[in-house]
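# Descriptive analysis of the structure
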Amino acid sequence: MAEQRELDALIVGAGFSGLYMLHKLRQDGFVAHVVEKGSGVGGTWFWNRYPGARCDVPSIEYSYSFDPELEKEWRWTERYAAQPEILRYLEHVARRYDLMRDITLETCVTAARWDGKSNRWKVETDKGDTFDAQFLILGTGALSVPRMPDIPGLASFEGTVLHSAQWDDSVDLAGKAICHFGTGSTGIQLVGEVAKVAGQLTVFQRTPNFAVPAGNHPLPRDYLDKLLPHYRQLRETARTSPLGWSHPTSPGSAKEDDPEAREQRLEQAWQAGTTGLLQAYEDLLVDEQSNAYAADFARRKIAALVKDPEKARKLTPQGYPLGSRRMCSETNFFDAMNRDNVALVDVREEPVETVTADAVVTAKASYPADVIILATGFDACVGAIRAIDIRGRDDRAIRDEWDMGPRAYLGLAVEGFPNMFTITGPGSPSVLSNVVVSIEQHVEWISRCMVDMREQGASGIEADAAAERAWMEHAHEVAHSTLFPKADSWYQGVTRDGRQVFMPYVGGVGAYRRKCDEIAAAGYQGFRLEHEQEEVA
Ligand code: FAD
Ligand code: NAP
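Anyway, here's the lowdown on the structure attached to this text. By convention here, each chain's residues receive numbers from 1 onward along its written sequence. The order in which chains are written sets their letters, starting at A; the order in which ligands are written sets their numbers, starting at 1. Per-residue local features of the predicted model are confined to residues with pLDDT of at least 70, and side-chain atom pairs are confined, for both listing and counting, to 80 or more; whole-chain, interface and lining totals are unaffected and use all residues. The side-chain values count all of the structure's non-hydrogen atoms but skip hydrogen atoms and water molecules.

## Focus on the overall build of the protein chain
Inclusion rule: Strands are runs of DSSP state E lasting at least 2 residues, helices are runs of H or I lasting at least 4, and numbering of each runs from the N terminus. The size measure is the radius of gyration over C-alpha atoms, and the globule rule it meets is 2.2 Å times the number of residues to the 0.38 power. The buried label applies to any residue whose accessible area, calculated with a 1.4 Å probe on protein chains only, is under 20% of its type's maximum; exposed applies above 50%, and partly exposed to all values in between. Contacts are assigned to residue pairs with any non-hydrogen atoms lying within 4.5 Å of each other. Per-residue and other accessible areas were derived by the Shrake-Rupley procedure at a 1.4 Å probe size, with only the shown protein chains allowed to occlude residues. Positive residues here are Lys and Arg, negative ones are Asp and Glu, while His and the chain termini are left out of the count. By convention, the charge on Lys lies at NZ, on Arg at CZ, on Asp at CG and on Glu at CD.
In terms of regular secondary structure, the protein chain is built from 15 helices and 23 strands. Here the C-alpha atoms of the protein chain give a radius of gyration of 24 Å, agreeing with the 24 Å that 2.2 N^0.38 yields for 537 residues. Projecting the C-alpha coordinates of the protein chain onto the three principal axes gives extents of approximately 75 × 55 × 50 Å. A total of 537 residues make up the protein chain; the buried ones form 58% of that total. Considering only intrachain contacts with a sequence separation of at least 6, the fraction spanning at least 24 residues in the protein chain is 71%. By element, 49% of the accessible surface of the protein chain is carried by carbon and sulfur atoms, the whole surface being about 22,200 Å². Considering the protein chain, the positive charge centre built from 58 side chains and the negative charge centre built from 78 side chains are found 2 Å apart.

## Focus: the sheet that holds strand β14 (residues 359-362)
For the record, the criterion: A pair of strands is labelled paired if DSSP reports no fewer than 2 bridges between them. Axis definition: a line fit to C-alpha positions, over the contact stretch in the case of helices; interaxial angles, taken between N-to-C directions, run 0 to 180 degrees.
One open sheet holds the three strands; their spatial order is β13-β14-β15, and the pairing between them is antiparallel. Each edge of the open sheet carries a strand with a single partner, namely β13 (352-355) and β15 (366-368). Each neighbouring strand pair of the sheet contributes to a mean axis angle of 20 degrees, computed without reference to strand direction. Taken together, the three bridges between β14 and β15 define a ladder with antiparallel strand orientation. Its bridge partner being in β15, Val361 is matched across the sheet by Ser366.

## Structural notes on the pattern of salt bridges
Stated precisely, the cut-off is as follows: Counted as salt bridges are all cases of a side-chain nitrogen of Lys or Arg within 4 Å of a carboxyl oxygen of Asp or Glu.
Tallying each qualifying case throughout the model produces 39 salt bridges. The salt bridge involving Arg300 is made with Glu263; its shortest N-O contact spans 2.8 Å. Separated by 37 residues along the polypeptide, Arg300 in helix α8 (residues 288-305) and Glu263 in helix α7 (residues 259-271) bring together distant segments of the chain. Glu263 sits in the partly exposed class, given a relative accessible area of 31%. Among the salt bridges present, the one from Arg528 reaches Glu462, with a minimum N-O distance of 3.1 Å. Here Glu462 lies in strand β19 (residues 458-463) and Arg528 lies in strand β22 (residues 527-531), a separation of 66 residues in the sequence. The partly exposed category is assigned to Arg528, whose relative accessible area is 25%. Ionic contacts of the salt-bridge type, sharing partners, join the residues Arg5, Arg26, Asp98, Arg101 and Asp102 into one network.

## What to know about the side chain of Ser17
Here Ser17 lies in helix α1 (residues 16-27). Non-local contacts of Ser17, meaning those with residues more than four positions away in its chain, are made with Gly139, Ile423, Ile439 and Val443.

## Remarks on the site of ligand 2
The cut-off we apply is this: Definition of nearness: a residue and a molecule or strand are near each other if at least one heavy atom of the residue lies within 4 Å of the molecule or strand. For this analysis, a polar contact is any N or O atom pair within 3.5 Å, provided that within protein one partner can donate a hydrogen and the other can accept it, and provided that sequence-adjacent residues contribute only side-chain to side-chain pairs. Gly is placed with the polar residues, together with every amino acid not listed as nonpolar (Ala, Val, Leu, Ile, Met, Phe, Trp, Tyr, Cys and Pro) or charged (Asp, Glu, Lys and Arg). Domain extents, as shown, originate in an automatic or database domain assignment.
Of all residues adjacent to ligand 2, which total 24 residues, the nearest are Thr183, Thr186, Arg206, Thr207 and Arg325. Contacts to ligand 2 include Gly184, whose backbone N or O atom sits 3.4 Å from an oxygen atom. Here an oxygen atom of ligand 2 and a side-chain polar atom of Thr207 are 2.5 Å apart. Protein burial of ligand 2: of its 920 Å² of free accessible surface, 85% is covered by the chains. Tallied by class, residues from the shell around ligand 2 come to nine nonpolar, nine polar and six charged. Here the shell around ligand 2 gathers at least three residues from each of two domains, domain 1 (4-145 + 380-531) and domain 2 (147-209 + 326-377).

## Considering the site of ligand 1
Surveying the vicinity of ligand 1 reveals 32 residues, the closest of which are Ser17, Glu36, Thr44, Asp56 and Tyr62. Separating an oxygen atom of ligand 1 from a backbone N or O atom of Phe16 is a distance of 3.1 Å. Here an oxygen atom of ligand 1 and a backbone polar atom of Thr44 are 2.7 Å apart. Burial of ligand 1 by the surrounding chains reaches 95%, relative to a free accessible area of 990 Å². If you list the elements that add at least two residues to the shell around ligand 1, you get α1, α2 (44-47) and α13 (435-456).

## Some words on the packing of α7 against α8
As a reminder of what qualifies: Handedness of a helix crossing follows the sense of rotation of the near helix relative to the far helix, less than a right angle counterclockwise being left-handed and clockwise being right-handed.
At a minimum axis distance of 11 Å, the contact between α7 and α8 shows a crossing angle of 65 degrees. Like other packed secondary-structure pairs, α7 and α8 cross with a definite hand, here right-handed. Taken together, the residues of α8 that come into contact with α7 (itself represented by Arg262, Glu263, Leu266, Glu267 and Trp270) are Tyr293, Ala294, Phe297, Ala298, Arg300, Lys301 and Leu305. Across the contact of α7 with α8, the residue classes break down as seven nonpolar, no polar and five charged.

## Let's talk about the packing of helix α6 (residues 223-240) against helix α15 (residues 509-521)
If you want to describe how two helices pack, look at the angle between their axes and the distance between the axes. Here is the rule we go by: By definition in this entry, angles of less than 35 degrees are roughly parallel, angles greater than 145 are roughly antiparallel, angles of 65 to 115 are roughly perpendicular, and the rest are oblique.
Interhelical geometry of α6 versus α15 gives an angle of 80 degrees and a closest axis separation of 6 Å. Classified by the angle their axes make, α6 and α15 are roughly perpendicular. Mapping the contact onto sequence places Ala238, Arg239 and Thr240 in α6 and Val509, Gly510 and Arg513 in α15. A breakdown of the residues in the contact of α6 with α15 according to their chemical character gives two nonpolar, two polar and two charged.

## A short note on helix α4 (residues 83-96)
Worth spelling out the cut-off: By this rule the span expected of a helix is its residue count minus one, scaled by 1.5 Å.
Relative to the 20 Å expected for 14 residues at 1.5 Å per residue, α4 spans 20 Å between its end C-alpha atoms, a close match to the ideal helical length. Buried within α4 we find Gln83, Glu85, Ile86, Leu87, Tyr89, Leu90, His92, Val93 and Ala94. Immediately beyond the C-terminal end of α4, within one or two residues, lies Asp98, with a positive phi of roughly 55 degrees.

## Regarding the side chain of Asn419
By secondary structure assignment, the location of Asn419 is in the loop between α12 (398-401) and β18 (420-422). Polar contacts involving the side chain of Asn419 include one to the main-chain amide nitrogen of Ile461, which spans 2.7 Å. Look past the residues within four positions of Asn419 in its chain and what remains in contact with it is Trp114, Asn119, Trp121, Gln134, Phe135, Leu136, Met453, Ser459, Gly460 and Ile461.

Written out as structure tokens, the structure reads:
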């Protein structure tokens, strides 16, 4: 039956963001409710059930830090936990903090309208529910709207089509002819596993990516016991670090070392796991020459790992700096490329002409397919927010407002949309950090803001246009002082008039946190607070 509820806060999404937001608001005495599209909690880890899915930030850090008791009782079994274990963890969190009674599943928030008279949001769902809430909190995820590729003829395919983020594990891949698109972080994990069971696997690659061995391993049972006395310190280091994890970036420049020392340092970093290589020297993401040394090292690794020189050539990234596109974490990907049942098609050299009922056809060949796998990514950072018809002041639609590039003050709040918060929104560290650390920081900032407003008798808060513009300009300048914009990547949004806007904030997790805290301590500088009777600057 359709619900009608009055709330302090309506939270959209039940991933890491929504679950903690609900818990925190309850602790602070607010009435909050979560609406989630999926039939279970977990967000990313509910949807991305493809073989090989796992995190690439060590699990002891890619997990909540808000409760030391939770830390003590949950024992990660691997350095980088696989999807089922992360999903179990989030389900455990939902049970442990009794969250389910305030979560509505299998329901999509379709529209939200700001009512300036009551200073409240009117929220609608696809099930006909309506919520009347003072605050609208979007925990909708930066990577939650799967992107379907525009491949000619795909609709005429008569076999099974699987997107990595809408995986159906009842589909049996054993012995099948499989055509796979996409070699980003997901594709690289997936191919390594699918190759082991497929009859024939053809990988269609558009842009090769740098991939570093994950270095995953089981965590011994006593590992956590030894870690526990230091866990708080490790968390604090992560919170104040540039990237949101405790592993430090090594000082110096690759330009300063002689070739032998450089090779040694890069080799050590390569062996350290996913983020190791990028953290080998502190200037890798700002200095082209230093970066070129590390990129050349990674290219030589591919040549050594992939036996067929033609495959190795196709897999070797060229023309953009290492790390300017998301570094991938690989376990069996290069091994898969050495298997006889795996072929690699570079779609830039051999474009797909069409998909037929049972094959993918290029100018050179027809590749039979029982199953087509799409690891083709997401409408990143803004897709899930734009999918909701959100109307702010004067009926302004966020979809239209963001057509000319997403804008958000601190990546947290959007001018024209009072009492609305975007967890890991564009303009915040979000996907360029350990996202759980960034989520916790946003959740805690939002709840502190709501508590402060309650204490001050404020009913509304809205980002100021000038402060928002200044923040977005700052975020742009910081991004352009690095090598990130030198690559075409999903970090860049494209505006209606074709400009690229770099979406995550690259100024560093620790520095960003300090800035947000200073702004709150200064009475929410750059925001306008509305009280019942008066409006104050
Ligand atoms: P999500 O987990 O995406 O949850 C958002 C939820 O909102 C979803 O369940 C969605 O169904 C729901 N939703 C969206 N719109 C609506 C609507 N209109 N109505 C109702 N519900 C809605 N980050 C890292 O830091 N380290 C990693 O190792 C890492 N690995 C990743 C691996 C994969 C395969 C992917 C896809 C992402 C990974 N990420 C990683 C990023 C990951 O998305 C975040 O770490 C984190 O899980 C995001 O949590 P969230 O709650 O903000 O969003
Ligand atoms: P992605 O990085 O956007 O990769 C999508 C891939 O599909 C790219 O290789 C893209 O090529 C390709 N593609 C798209 N359309 C295509 C077409 N028509 N023909 C051929 N190829 C096409 O998406 P993702 O791999 O799902 O990863 C998204 C993000 O999720 C990651 O960057 C990361 O933040 C997170 N993630 C993390 C992990 C982890 O290890 N923990 C695992 C998975 C995901 P182009 O590059 O040329 O566009």
